Amino acid sequence: MVAWSGGSPSLATWLGQSSRAETKKHMGYKKISMALNKKIALVAHDNKKRDLIEWSKFNRDLLAHHKVFATGTTGTVLERELGFPIHKLQSGPLGGDQQIGAKIVENEIDFLIFFWDPLEQQAHDPDVKALLRMAVVWNIPIACDRASADFIISSPLMDKAYDRLIPDYDVYRSRAVPGVEAPAIPIPGAAETTKKRRSADRAAE
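What counts and how
- Residues numbered from 1 in each chain as written.
- Predicted model: local features only at pLDDT ≥ 70, side-chain atom pairs only at ≥ 80, totals over all residues.
- Heavy atoms only, no water.
- Helix = DSSP H or I, 4+ residues; strand = E, 2+ residues; numbered from the N terminus.
- Buried < 20%, exposed > 50% of the residue type's maximum accessible area, 1.4 Å probe, protein only.
- Lys, Arg positive; Asp, Glu negative; His and termini not counted.
- Salt bridge = Lys/Arg side-chain N within 4 Å of Asp/Glu carboxyl O.
- Polar contact = N/O pair within 3.5 Å; in protein donor to acceptor, adjacent residues only side chain to side chain.
- Axes fitted to C-alpha atoms, helices over the stretch in contact; angles between N-to-C directions.
- Parallel < 35°, antiparallel > 145°, perpendicular 65-115°, else oblique.
- Left-handed = near helix turned anticlockwise from the far one by under 90°.
- Contact = heavy atoms within 4.5 Å.
- Nonpolar A, V, L, I, M, F, W, Y, C, P; charged D, E, K, R; others polar.
- Pairing = 2+ DSSP bridges.

Student: Please give an account of the side chain of Lys38 that cites residues and values.
Tutor: Its place among the elements puts Lys38 in the loop between β1 (29–34) and β2 (39–44). Buried charge Lys38 goes without a salt bridge, the closest partner of opposite sign being Asp159 at 6.4 Å. At 3.2 Å, the side chain of Lys38 forms a polar contact with the backbone oxygen of Leu36.

In structure tokens form, the structure reads like this:
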């Protein structure tokens, strides 16, 4: 159970926190296999596109035998510069980040290189946060700068099959939802009012 630290949270909030804590406690783990050839998404904000293109050209031969996805303009430029097909999605602000997030959930992408700009606010910041969250939820490798990308791309695991562990979300999907499956919370006086109304209805008959 979640300890109540004071204040006056609503009963629904407290029940929700308690339910989530109990669900996490009983979650096991399951494996999702990543094949020898990875499914890699390459994404970059405008001020980071040059970095991503230079990095991709330097690692062209390593990327070539993997399946590569990219958003918007980045995909068009990468296909021209690298000389092999890129699976192009929408531009980030037009839903490209959400497309990648959905593909991560469906195991159609299992690797994310995302050079995002920490000094520039983006119109689609909520999409960016959601994409990074999905990458963590499904435990896929993420690199958000050139140094991290260099370390990951040079890992021996890049050319091997790999089983990544994720929580068994079936437990979460089948959790009890507060206020839905739980017994109704009695309302003071409600039972008495209902009884009087029924008596009045019977008398009117």
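Student: I'd like a rundown of the packing of helix α2 (residues 49–58) against helix α7 (residues 146–153), residues and numbers included.
Tutor: Orientation of α2 relative to α7, taken along the N-to-C sense of each, is 20°, at an axis distance of 11 Å. Judged by the inter-axis angle, α2 sits roughly parallel to α7. The handedness of the crossing between α2 and α7 is right-handed. Between α2, through Asp51, Glu54 and Trp55, and α7, the contact on the second element is made entirely by Arg146, Ala149, Asp150 and Ile153. Per-class residue counts for the contact of α2 with α7 are three nonpolar, no polar and four charged.

Student: Before we move on, can you summarise the sheet that holds strand β4 (residues 87–89) with the specific residues and values?
Tutor: Read from one edge of the open sheet, five strands run β4-β3-β2-β5-β6, paired in parallel fashion. Of all the strands in the sheet, just β4 and β6 (142–143) have a single pairing partner and so form its edges. In this structure, strand β5 (residues 111–115) lies alongside β6, joined through two bridges in parallel fashion. Bridge pairing in β6 links Leu112 to Ile142. The sheet contacts of α2 involve β2 and β5, and relative to β2 the element is tilted by about 145°.

Student: Explain the pattern of salt bridges to me, and be specific about the residues and the numbers.
Tutor: Throughout the structure, instances matching the rule amount to twelve salt bridges. Here Arg146 and Asp51 are joined by a salt bridge, their closest N and O atoms 3.6 Å apart. One end of the pair, Arg146, is in helix α7; the other, Asp51, is in helix α2, and 95 residues separate them in sequence. Since its relative accessible area comes to 32%, Arg146 is described here as partly exposed. Residue classification places Asp51 among the partly exposed residues on the basis of a relative accessible area of 25%. For Asp61, the salt bridge is made with Arg60, and the minimal N-O distance between the two is 3.6 Å. The partly exposed category is assigned to Arg60, whose relative accessible area is 29%. One network of salt bridges, with partners in common, ties together Arg50, Asp51, Glu54 and Arg146.

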